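Residue-level structural notes
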Amino acid sequence: MEVTKAKTSSGGGSTNFSKSGAISKGYNFASTWEQNAPLTEQQQTAIVALSHAFAERAFPLKLSQEHIYGRDNGLSNSTKHSTVEESGAIEAVLVNTNQFYKWFTDLEAAMKSETEEKYRHYVTSLTERIQTCESILNQVDETLDLFNELQLQHQSVATKTKTLHDACDRLLIEKQRLIEFAEALRNKLNYFDELENVATNFYSPNMNVANGNFLPLLKRLDECMSYVESNPQYAESSVYLVKFRQLQSRALGMIRTHVLSILKNASSQVQAAIRSSSGSKSAVSEGVEASVIYVRFKAAANELKPVLEEIESRSPRKEYVQILAECHKLYCEQRLSLVKGIVHQRISEFAKKEKLPSLTRSGCAYLMQVCQLEHQLFDHFFPSSSEDISSLSPLVDPLCMYLYDTLRPKLIQEANLDILCELVDILKVEVLGEQLSRRGESLAGLRPTLDRILADVHERLTFRARTHIRDVIANYIPLDEDLDYPAKLEQSAGIKSEIINADENPDVFKTLYPPLEKTLSCLSKLYGCLEPAVFTGLAQEALEVCSLSIQKASKQIAKRSSPMDGQLFLIKHLLILREQIAPFDIEFSVTHKELDFSHLLDHLRRILRGQASLFDWSRSTSLARTLSPRVLESQIDAKKELEKSLKATCEEFIMSVTKLVVDPMLSFVTKVTAVKVALSSGSPNQKLEAAAVKPLKDQAFATPDKVAELVQKVNVSIQQELPKVMALMKLYLQNQSTRSILFKPIKTNIVEAHVQLQSLLKSEYSPQEIQAIINMVSIHDLQAQLDNLL
C-alpha cells in the first residue's frame, strides 16, 4: 500500500514535471517571440480589449447544452466524481504488481486524456480554420482568374482601340496629304490659268506701260514663264510657254515704245528750251548746258525711272538683258543728239584758239566734265548698270572721237620733240594719272580714247626721235667752229677753277660737240615719256651713232690741230657721254634677229649635181629644209662698245705721250736689247766673234756722249713738252681725278724707261762716265718732278 502510494506519488511527480517542462518551453517561446517582435502600445491595448470582449465567449451549440446539463447535474457529478475518487483511492487496494501496472496505466491514460482534451479542441479549431482559409484561397483564385480574364479582355479592347486610332490617324494623314496635293495642284494650275487673265489684260485697249497694273502683270507673267520653263514635263507646257513668250514680247515691245516716246519727248522739250533761252551759241554751251540739257531732261524723263528699275531688277533673264541694252542704246542716241553739237562746237573753239598742249589739256578737261555729268544722269535712270562702262559707250565714244579727230591731224604734223614730250606728260600724269584716278568709274569710258591718243603720241614721238637721231646726230655735218679745238675751249675758259662735273656748270654744254649735246638732251627728254623697251632701243641707237659721230670729229680735229687734240677731244666727250647715261636705269643692249639664206646656194648646187634629192622629205637636204632660213641673233651693247672705245683711246693717248717724252730713251734700250739678243742667239763662231767685238760704250750709237745727248733730249721733253701736254689735259679734262687717273700710267711709263736705262748704264758704263758725262736724274727726283706737273 505504501509502495503503491509511493509509486502513485512518484507518478504524479513525473506528470507535474512534464507539465512544468511544457510550461517552461511555452514561456521561453513566448519570451523569445516577445523580444523578437515586441508589440506597440496600441497593439497591446487592442489585445486587452479583445481579451475583455472574449473573456466570456459563447460555447458552441453542443458544448453549450452539455454545459447547461452539467450545470444542472453539477452537484451530483462533482459529488459522484469525488465519491469515485474517494472510492478509488480507497478501493485501490493493490494485491500484486500486475494490478499496480494496470492501475497505473489507467491512471496515466486518464491523466493524458484530461491533458490532451484542450489540444484536441485546439486542433479541431485549427482544422476548421484551415478549411476556412482554403475556401477563402479558392475564392481568391477564382477571383484572380476572373481578373486575368478581365485583363485579357481589356488588352483585346485596347488593341482594337489602338488599331482604330491608327486607322483614324492614317485616314487623317491621307486626308491632309490629299488636301496638300489638291492645294499644290491648284497652285501649279494657277500658273497655267493665269494665261487667260494676263492675255485679257495685255490685249485690253486701256492697258499701257503707265498703267498701275502693268508692272504687276509683267511680274506675274515672268513668274508663270519661269515655272513653265522649269517644268517641261507637264502636259502642254511647251504650248503655254510659247503663248507666254508672245505675251512677254508684246509687253517688252510696249516698254520699248514707251521709253522711246518719253526720251523723244524729253529731248524735244530740251531742244525747245535751248532754242527759246539761247541768244548765242556760246550762251548755249556755257549757261544753258547744265540747267537745261541735264536738269530739265532729268525732270522730263523722270517717269521712266520705275520702269527702268523694274527692268534692271530682272536683268538675269536674257529677254530683259536685251530690252535693257535697247533702252541703253535709245537713251544714248537721244543724249548724243542733244550734246554732240555743243561738244563739237566747244572742241572746235579750243582748236582755233589754243596750241596743241593747251588744246589737249582743255579738251580732256572739258570732255571729262561732260562725261562725268553724263554718267551722273545715266546713273539716275540706270543705277544698276552705271558700273558697266560699256553701257555708256554709244554716247561717250562719239564724243571722245571729236577730240581724237581734232588732235590726231595736229599730232601727225607736230615735229617738235619738246611739244610731244609735253603732250605725253599731260596725258600720262595729269589726265590719266591724276584726274581719272581721282574721279574713278565715272570717267572709265574715257580711258580707251585717252590711251589711244597717248599711243599715237608715243608713236609720233618715237618716229620723230628716230628721225632726230638720224638727221641731227648721225648725219650731222660739223661746222668749222665745231672743230676749232682747242681754241674753242680756250675761249670758254674764262675762269680756271676746277669743275667737278657737268651739272655744276651750266655753260659746259656750250663747249661740247653738238651731236653729244643733242644726244643727251634727246635722251633726257625721252626717258620718262616712252616705255622702257622703246626707250632702250632708241637709247642704244642714239648712243651708237653719237659715239661714231664723236670719233669722226676726233679724226678731223686730229688732222686740223694735232693727234693729241683729237685723242683728248674723244676722251673728253666719251667720258661725258658715259657719265650722263649712267642715271638711266636701262640696259643699252639690243638683240637683233636676222634671217640667213647663205646656205641656200650650197644646197641648190648639191641638188643640181644630183648629190641631194629635191623631194626627199626625210633627209636634211629636202626642199623644205633647204629653203628654210636660219635665224641669226646678234646682241649689240652700246654701253660696252663705248667703254671699249674709251679704253682704246686712253691707251692710245698714254702711248703717244709716253713716246713724245721718252721715245729716244726707249729706242736706245730697244736697240741695245736687240743687239744683245742677236749676239746671244747666234752660232758658236758668231759668239766667239762677239766676244772679240768692242764693248757697248764703244759702239757708235752708245757712246757716253750719245747717251748724254739722249738723256738731255728726254729731260728737255719732260721740262718743255710734258707741261704742254698737261696744260692741254687741263683744258680738255676739267676733273682733277680724271687727269690723275690718265696721267698715272704716263708717269709709270716714264719712270720705267729711266729705270731700264739706269740699269743698262750700270752694267755697261763706269760710274765716272755715268756721273760725269751722262748725268741722269735720280728716280726720286724724277717722280717729284712729274708729281709737280699735276
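Just so it is clear, the structure is predicted and the values come from calculations on it, not from any experiment. (Residues numbered from 1 in each chain as written. Predicted model: local features only at pLDDT ≥ 70, side-chain atom pairs only at ≥ 80, totals over all residues. Heavy atoms only, no water.)

Moving on: the overall build of the protein. Looking only at helices and strands, one finds 26 helices and 2 strands in the protein. With 790 residues in all, the protein has 34% of them scored as buried. Contacts in the protein between residues far apart in sequence, at least 24 positions, make up 78% of those at least 6 positions apart. (Helix = DSSP H or I, 4+ residues; strand = E, 2+ residues; numbered from the N terminus. Buried < 20%, exposed > 50% of the residue type's maximum accessible area, 1.4 Å probe, protein only. Contact = heavy atoms within 4.5 Å.)

Moving on, we come to the packing of aromatic side chains. Counting across every chain of the model gives 18 aromatic pairs. Between Tyr-476 and Tyr-513, the aromatic rings sit 5.8 Å apart at their centres with planes inclined by 85°, giving edge-to-face as the arrangement. With Tyr-476 in the loop between α14 (447-474) and α15 (487-492) and Tyr-513 in the loop between α15 and α16 (514-526), this residue pair connects regions lying 37 residues apart in the sequence. Since its relative accessible area comes to 2%, Tyr-513 is described here as buried. (Phe/Tyr/Trp six-rings, centres within 6.5 Å; stacked < 30°, edge-to-face > 60°.)

Of all residues in the protein, 78% have pLDDT values of 70 or greater, and the mean over the chain is 79. Model confidence for the protein, summarised as mean pLDDT per element, is weakest for helix α4 (residues 74-91) at 41 and strongest for α14 at 92. Predicted confidence for residues 280-285 stays below pLDDT 50, and this span has 9 contacts to residues more than four positions away or in other chains. Within the model, pLDDT remains below 50 along residues 495-506, and this stretch shows 10 contacts once partners closer than five positions in the same chain are excluded. (pLDDT = per-residue confidence, 0-100.)

Closest axis-to-axis distance for the helix α12 (residues 393-413)/α14 pair is 11 Å, and the angle between their directions is 5°. Put simply, α12 runs roughly parallel to α14. Across from Cys-400, Met-401, Tyr-404, Leu-407, Arg-408, Leu-411, Ile-412 and Gln-413 in α12, the residues of α14 making contact are Thr-449, Arg-452, Ile-453, Asp-456, Val-457 and Arg-460. When its residues are assigned to classes, the contact of α12 with α14 shows 8 nonpolar, 2 polar and 4 charged. (Axes fitted to C-alpha atoms, helices over the stretch in contact; angles between N-to-C directions. Parallel < 35°, antiparallel > 145°, perpendicular 65-115°, else oblique. Nonpolar A, V, L, I, M, F, W, Y, C, P; charged D, E, K, R; others polar.)

Moving on to a negative patch on the surface. A cluster of acidic side chains, namely Asp-141, Glu-142, Asp-145 and Glu-149, defines a negative patch on the protein surface. Looking at the element boundaries, Asp-141 is found in helix α5 (residues 97-202). (Patch = residues over 30% accessible without salt bridge, like charges linked within 9 Å, V, L, I, M, F, W, Y side chains within 5 Å. Areas by Shrake-Rupley, 256 points an atom, 1.4 Å probe, with all protein chains shown as cover. Salt bridge = Lys/Arg side-chain N within 4 Å of Asp/Glu carboxyl O. Lys, Arg positive; Asp, Glu negative; His and termini not counted. Charge placed at Lys NZ, Arg CZ, Asp CG, Glu CD.)

Counting through the fold element by element, Ser-391 comes out in the loop between α11 (356-381) and α12. Those residues in contact with Ser-391 that lie beyond four places of it in its chain are His-328, Cys-332, Phe-378 and Ser-385.

Looking now at the environment of Leu-356. Here Leu-356 shows up in helix α11. The exposure class assigned to Leu-356 is buried, which follows from its relative accessible area of 8%. Sequence-distant contacts of Leu-356, defined by excluding residues within four places in its chain, comprise Leu-407, Lys-410, Leu-411, Glu-414, Ile-419 and Leu-423.

Considering soluble globular proteins, one finds that nonpolar side chains tend to be buried as a cluster. Ranked by size, the top nonpolar core spans 170 residues in total, and within it Phe-297 and Phe-653 carry the most contacts. Per-element accounting of this core gives the leading share, 15 residues, to helix α10 (residues 318-353). Beyond its immediate stretch of four places on either side in the chain, Phe-297 contacts Leu-263, Ala-266, Ser-267, Val-270, Val-292, Tyr-331, Arg-335, Leu-338, Leu-377 and Phe-381. (Core = buried A, V, L, I, M, F, W, Y, C linked by side-chain atoms within 4.5 Å.)

Moving on, we get to the environment of Val-270. Secondary-structure assignment places Val-270 in helix α7 (residues 237-277). Between the C-alpha atom of Val-270 and that of Ala-300, which follows or precedes it by 30 residues, the distance is 8.6 Å.

Our focus in this paragraph is the pattern of salt bridges. With the rule as written, the count across this model stands at 20 salt bridges. In this structure, the salt-bridge partner of Glu-643 is Arg-578, at a minimum N-O distance of 3.3 Å. Separated by 65 residues along the polypeptide, Glu-643 in helix α21 (residues 638-680) and Arg-578 in helix α18 (residues 563-581) bring together distant segments of the chain. Relative accessible area serves as the criterion here: at 32%, Glu-643 is assigned to the partly exposed category. The network of salt bridges with common partners includes Glu-229, Arg-245, Arg-317 and Glu-319.

Here the focus is helix α23 (residues 704-732). Taking 1.5 Å per residue, 29 residues should reach 42 Å; α23 reaches 40 Å between its end C-alpha atoms and fits that length. Residue Ile-718 marks the point of greatest curvature in α23, where the axis turns by about 35°. (Expected span 1.5 Å × (residues − 1). Bend = angle between axes of the 7 residues up to and from the residue.)

This paragraph deals with the environment of Gly-445. Position of Gly-445 relative to the elements: it lies in the loop between α13 (417-439) and α14. Residues Gly-445 and Ser-391, 54 residues apart in the sequence, show an inter-C-alpha distance of 9.3 Å. Those residues in contact with Gly-445 that lie beyond four places of it in its chain are Ile-389, Val-396 and Asp-397.

All right, on to the packing of α18 against α23 then. Relative to each other, α18 and α23 sit at 35°, their axes nearing to 10 Å. Here α18 and α23 pass one another in a crossing that is right-handed. Contacts between α18 and α23 involve Met-564, Asp-565, Leu-568, Phe-569 and Lys-572 on the former and, on the latter, Val-725, Leu-728, Met-729 and Tyr-732. The class makeup of the residues in the contact of α18 with α23 is 7 nonpolar, no polar and 2 charged. (Left-handed = near helix turned anticlockwise from the far one by under 90°.)

Before going further, it helps to spend a moment on a nonpolar patch on the surface. A contiguous nonpolar patch, built from Ile-136, Val-140, Leu-144, Phe-147 and Leu-150 and spanning about 460 Å² of accessible area, is present on the exposed surface. With respect to the helices, strands and loops of the structure, Leu-150 is situated in helix α5.

A separate point is the side chain of Arg-314. Within the secondary structure, Arg-314 sits in the loop between α9 (304-313) and α10. One polar contact links the side chain of Arg-314 to the main-chain carbonyl oxygen of Leu-218, over a distance of 3.4 Å. Among all residues touching Arg-314, those that are not within four sequence positions of it are Leu-215, Leu-218, Lys-219, Asp-222 and Tyr-320. (Polar contact = N/O pair within 3.5 Å; in protein donor to acceptor, adjacent residues only side chain to side chain.)

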